[in-house]
Amino acid sequence: MPARGFHHQLSTQLIRDNQAIYVEDLAVKGLARTRLAKSVHDAGWSSFVAMLEYKARLYGRTVHRIDRWYPSSKQCSACGALAESMPLNVRSWACSCGAVHDRDVNAAKNILAAGRAERLNASHTRGRDGESRSGGGQVRPPHPGGMPVEAGSHRGAA
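Report follows, based on the coordinates. (Residues numbered from 1 in each chain as written. Predicted model: local features only at pLDDT ≥ 70, side-chain atom pairs only at ≥ 80, totals over all residues. Heavy atoms only, no water.)

1. Some remarks on the nonpolar core
If you look at the biggest cluster of nonpolar residues, it comprises eight residues: I15, I21, V23, F48, V49, L52, A56 and V63. Counting only elements with at least two residues in this core, the list comes to β1 (20–24) and α4 (45–59). For this core, the leading source of residues is α4, giving four residues. Beyond its immediate chain neighbours, meaning those up to four positions away, I21 contacts L14, I15, L52, T62, V63 and H64. One finds A83, W93, C95 and A99 within the second-largest nonpolar core, a separate group that totals six residues. (Core = buried A, V, L, I, M, F, W, Y, C linked by side-chain atoms within 4.5 Å. Buried < 20%, exposed > 50% of the residue type's maximum accessible area, 1.4 Å probe, protein only. Helix = DSSP H or I, 4+ residues; strand = E, 2+ residues; numbered from the N terminus. Contact = heavy atoms within 4.5 Å.)

2. Quick look at the side chain of R103
Position of R103 among the secondary structure elements: in helix α5 (residues 103–123). One buried charged side chain, R103, makes no salt bridge at all; its nearest oppositely charged neighbour is D104, positioned 4.9 Å away. A distance of 3.2 Å separates the side chain of R103 from the backbone oxygen of V90, its partner in a polar contact. Residue contacts for R103: discarding those within four places in its chain leaves S73, M86, P87, L88, V90, R91 and S92. (Lys, Arg positive; Asp, Glu negative; His and termini not counted. Salt bridge = Lys/Arg side-chain N within 4 Å of Asp/Glu carboxyl O. Polar contact = N/O pair within 3.5 Å; in protein donor to acceptor, adjacent residues only side chain to side chain.)

3. A few points about the pattern of salt bridges
The full count for this structure, using the stated rule, is four salt bridges. For R65, the salt bridge goes to D25, with nearest N and O atoms at 3.2 Å. Placement of the pair is R65 in strand β2 (residues 62–66) and D25 in the loop between β1 and α2 (28–31), with a sequence separation of 40 residues. On the accessibility criterion, R65 (35% relative accessible area) is partly exposed. Across the salt bridge formed by D25 and R68, the nearest N and O atoms sit 3.6 Å from each other. With D25 in the loop between β1 and α2 and R68 in the loop between β2 and β3 (92–94), this residue pair connects regions lying 43 residues apart in the sequence. The class for R68 is partly exposed, based on a relative accessible area of 36%. In the salt-bridge network here, residues are joined through shared partners; they are D25, E53, R65 and R68.

4. Quick word on a nonpolar patch on the surface
On the surface, a nonpolar cluster with roughly 310 Å² of combined accessible area is contributed by Y54, L58 and Y59. Structurally, L58 can be placed in helix α4. Relative accessible area serves as the criterion here: at 66%, L58 is assigned to the exposed category. (Patch = residues over 30% accessible without salt bridge, like charges linked within 9 Å, V, L, I, M, F, W, Y side chains within 5 Å. Areas by Shrake-Rupley, 256 points an atom, 1.4 Å probe, with all protein chains shown as cover.)

Written as structure tokens, this is what we have:
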């Protein structure tokens, strides 16, 4: 099956099966200038994410792109500690907290957590229809409590 057909099938399945999908916003043009160029273009990441986004709109789902500078690979998903450097040839690593991570699984956990946090923040400023709302404050004004002078009987009167 050609890559485009596979992308359509997979993106449709992912959108139907999930309410929200979080993806890393890869610098495809930048990666295309490296020795990974053929792999990046073969994978068709940009067109796949575009398919996810338009299908999400059709099905009323959410797709969030996580910033490409977010340190998803080198941040410990258990304690949040940040490794100083992480060359691409490092496929697994141990954090000082004792957690041992596969690079890709750890990145996936961090992307999920970042996407959920971003979605939660966005939900406070967007309505059900997805349109932006100003503020993000309270939905209704605070309850004023009792009126300073209420009608009815007053204590001590009688």
